[in-house]
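Structural overview
What follows is each chain in one-letter form.
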Amino acid sequence: MSTLKPATVRRVAVIGGSRVPFARSDGPYATASNQEMLTAALDGLVDRYDLQQPGAVDEFVAGAVLKHSRDFNLARETVLGSRLDPRTPAYDIQQACGTGLQAVVAAANKIALGQTDAAVAGGSDTASDAPLGVNDDLRKVLLEARRAKTLGARLKALAKVRPGHLVPDIPRNAEPRTGLSMGEHAAVTARAWGVSREAQDELAAASHQKLAAAYERGFFQDLVVPFRGLARDQNLRPGSTVAELAALKPVFGLGGPEPTMTAGNSTPLTDGAAVVLLASEEWAERRGLEPLAYLTAYETAAVDFVHGDVADGEDGLLMAPAYAVPRMLERAGLGLDDFDLVEVHEAFASQVLATLAAWEKRGLPPVDRARLNLAGSSLATGHPFAATGARIVATLAKLLAERDAPGRGLISICAAGGQGVTAVLERP
């Protein structure tokens, strides 16, 4: 009786990334589909790393959160519309704001086990071209008419249509279990952790200033491809200051005491796409490419934001990374002081600050702000839900490579549904 030999786990290299500039919803990309944006990001990667030839990569993994029914095969259709070999297999993945990083993890696992040698992973989202659903009452009437056996029964069913049935179901940024928007959930957490308005505005201003500085020094030259007239992220405000942000009125948590969350310290609805090229060391060596960094650990977690300890902030909607990171570090035998760089997705400034406080409560040392989001993050770039993970992986990998020394970086991403996805990148 033969037995399968256990697979040798290989190191997974991050070779590079590509994304389109992120745009505010209903702006320059108002008529761009997820597929169009994702194709532009993928083609930028294909051109940069000469991936046009047959079999250049083994797989493409990507997803979107706001997705039309026509996009049921988004990743594969993107391949077919791109300059990548049309014989490249592709599949979709979705985990809310963690989609991009989960796509990276899915592709990395196959490379690590020797099932593939190279893959592209990422995501795309458009808040401008959000799908509009048929009014649910109208849908039920139409289904009843379809099931009718006679013309009379069909007409009787259609006679139930009312003018109000013509109003479409518009996607809402709200949790189905609670009816609260992500911003309202974040406001509850901000109050629970005592996150101040000033601290939020300071973090937001720093995000814009860091992103602006990164663009000025050419950091994104090989990471961002121009698209529809944009060469930089549209949400970027280089001159943002705490004083300017302090003048904005709160928009979330208005039903509670002293609301602190504004449009300035929250991410706007955004359109964009991003991808990352991952490979084995052997594949990179054959092509003469030096890996920027290696993906060495990852962890997911979820909190019970419906029935859990929400009032005290422990199980706030966006607090899952507070559990995922300590668990990942323990499993990897690492401490927070072992990291040179830390990337925390800025869904809201309050969420970042609450996460940092929660890590300290769980025994981790404070994160040195000089190591946090060095090239800016979502508050400045924007947050096309499924694209953010790939953006962060590519950004952090390049930041590590720039140091030209051994280093380690942490990624923390919160997601709708009370979930979190985290990862570790290393440069030996």
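Note that the structure is predicted; figures quoted are calculated from it, not measured.

This part takes up the side chain of R427. Looking at the element boundaries, R427 is found in strand β12 (residues 419–427). Engagement of the side chain of R427 in a polar contact is seen with the backbone oxygen of L292, the distance being 3.0 Å. Apart from residues no more than four positions distant in its own chain, R427 is found in contact with E290, P291, L292, L400, A401, A405, P406 and G407.

Turning our eyes to something else, we now look at the state of the cysteines. Two cysteines whose sulfur atoms are joined by a covalent bond form what is called a disulfide. Tallying each qualifying case throughout the model produces zero disulfides. Counting only cysteine sulfurs, C414 is the nearest neighbor of C97, a cysteine outside any disulfide, at a range of 6.4 Å. Of the residues examined, C414 reaches a relative accessible area of 1% and is grouped as buried.

Moving on: the packing of helix α3 (residues 99–112) against helix α13 (residues 388–402). Two elements in contact, α3 and α13, have axes whose closest approach is 5 Å; the angle formed by their N-to-C orientations is 65°. Two secondary-structure elements touch here, α3 through G100, L101 and V104 and α13 through G389, A390 and V393. For the contact of α3 with α13, the per-class residue count stands at four nonpolar, two polar and no charged.

Bringing a nonpolar patch on the surface into the picture now. Residues L142, L151, L155, L158 and V161 make up a contiguous nonpolar surface patch of roughly 430 Å² in combined accessible area. At three residues, helix α5 (residues 151–158) tops the list of elements feeding residues into the nonpolar patch. Checked against the element boundaries, L151 lands in helix α5. A relative accessible area of 57% places L151 in the exposed class.

So, on to the pattern of salt bridges. Under the counting rule described, the total for this entry stands at 25 salt bridges. We note a salt bridge from E216 to R232, for which the minimum N-O separation is 2.8 Å. Of this pair, E216 sits in helix α7 (residues 197–216) while R232 sits in the loop between α7 and α8 (242–246), placing them 16 residues apart in sequence. For R232, a relative accessible area of 32% corresponds to the partly exposed category. Its salt-bridge partner being R408, residue E426 comes within 3.4 Å of it at the nearest N-O pair. In this pair, E426 sits in strand β12 while R408 sits in strand β11 (residues 407–415), placing the two residues 18 residues apart along the sequence. Taken together, the shared-partner salt bridges connect R10, D117 and E282 into one network.

Most often, soluble globular proteins keep nonpolar side chains buried together rather than apart. One finds L101, F220, L278, V393, I411 and L425 to be the most contacted residues of the largest nonpolar core, which totals 47 residues. At nine residues, the largest contribution of residues to this core is made by α13. Counting residues in hydrophobic clusters, the runner-up holds 37 residues, among them A56, A118, V120 and A284.

One can describe the packing of helix α1 (residues 34–49) onto helix α2 (residues 74–81) by two numbers: an axis separation of 9 Å at closest approach and a directional angle of 55°. Considering their axes alone, α1 and α2 lie oblique with respect to each other. Remark: the crossing between α1 and α2 carries right-handed chirality. Every residue of α2 that contacts α1 at N34, Q35, L38, T39 and L42 is listed here: L74, E77, T78, V79 and G81.

For an α-helix the count is 3.6 residues per turn, leaving residues at separations of three or four pointing the same way. Its twelve residues give helix α6 (residues 182–193) an end-to-end C-alpha distance of 17 Å, which sits within 8% of 16 Å, the value for a rise of 1.5 Å per residue. By the burial criterion, the buried members of α6 are M182, G183, H185, A186, A187, T189, A190 and W193. At its buried positions, α6 is contacted by β6 (250–252), β7 (261–262) and α11 (349–361). Positive backbone phi, approximately 65°, marks G194, located one or two places after α6.

One pass over the full model with this rule turns up four aromatic pairs. On the basis of an interplanar angle of 40° and a centroid distance of 4.6 Å, the ring pair of Y215 and F220 is categorised as tilted. Across the pair, F220 and Y215 agree in class, each one buried. Site record: aromatic cluster; members linked through ring pairs are Y215, F219 and F220. Between the NZ or CZ atom of R11 and the centre of the ring of Y294, over which it lies, the distance is 3.9 Å. In this structure, R19 packs its charged tip against the face of F220, placed 5.4 Å from the ring centre.

Moving on, we get to helix α10 (residues 321–332). Here α10 is twelve residues long and its end C-alpha atoms lie 16 Å apart, about the 16 Å a rise of 1.5 Å per residue gives. Turning to α10, its buried residues number three or more, namely P321, A322, A324, V325, P326, M328 and L329. In this structure, the buried side of α10 is in contact with β9 (293–302), α11, β11 and β12. G333 sits one or two residues past α10 and shows a positive phi near 70°.

Criteria and thresholds
- Residues numbered from 1 in each chain as written.
- Predicted model: local features only at pLDDT ≥ 70, side-chain atom pairs only at ≥ 80, totals over all residues.
- Heavy atoms only, no water.
- Helix = DSSP H or I, 4+ residues; strand = E, 2+ residues; numbered from the N terminus.
- Polar contact = N/O pair within 3.5 Å; in protein donor to acceptor, adjacent residues only side chain to side chain.
- Contact = heavy atoms within 4.5 Å.
- Disulfide = S-S within 2.5 Å.
- Buried < 20%, exposed > 50% of the residue type's maximum accessible area, 1.4 Å probe, protein only.
- Axes fitted to C-alpha atoms, helices over the stretch in contact; angles between N-to-C directions.
- Nonpolar A, V, L, I, M, F, W, Y, C, P; charged D, E, K, R; others polar.
- Patch = residues over 30% accessible without salt bridge, like charges linked within 9 Å, V, L, I, M, F, W, Y side chains within 5 Å.
- Areas by Shrake-Rupley, 256 points an atom, 1.4 Å probe, with all protein chains shown as cover.
- Salt bridge = Lys/Arg side-chain N within 4 Å of Asp/Glu carboxyl O.
- Core = buried A, V, L, I, M, F, W, Y, C linked by side-chain atoms within 4.5 Å.
- Parallel < 35°, antiparallel > 145°, perpendicular 65-115°, else oblique.
- Left-handed = near helix turned anticlockwise from the far one by under 90°.
- Expected span 1.5 Å × (residues − 1).
- Phe/Tyr/Trp six-rings, centres within 6.5 Å; stacked < 30°, edge-to-face > 60°.
- Lys NZ or Arg CZ within 6 Å of the ring centre and 35° of its normal.

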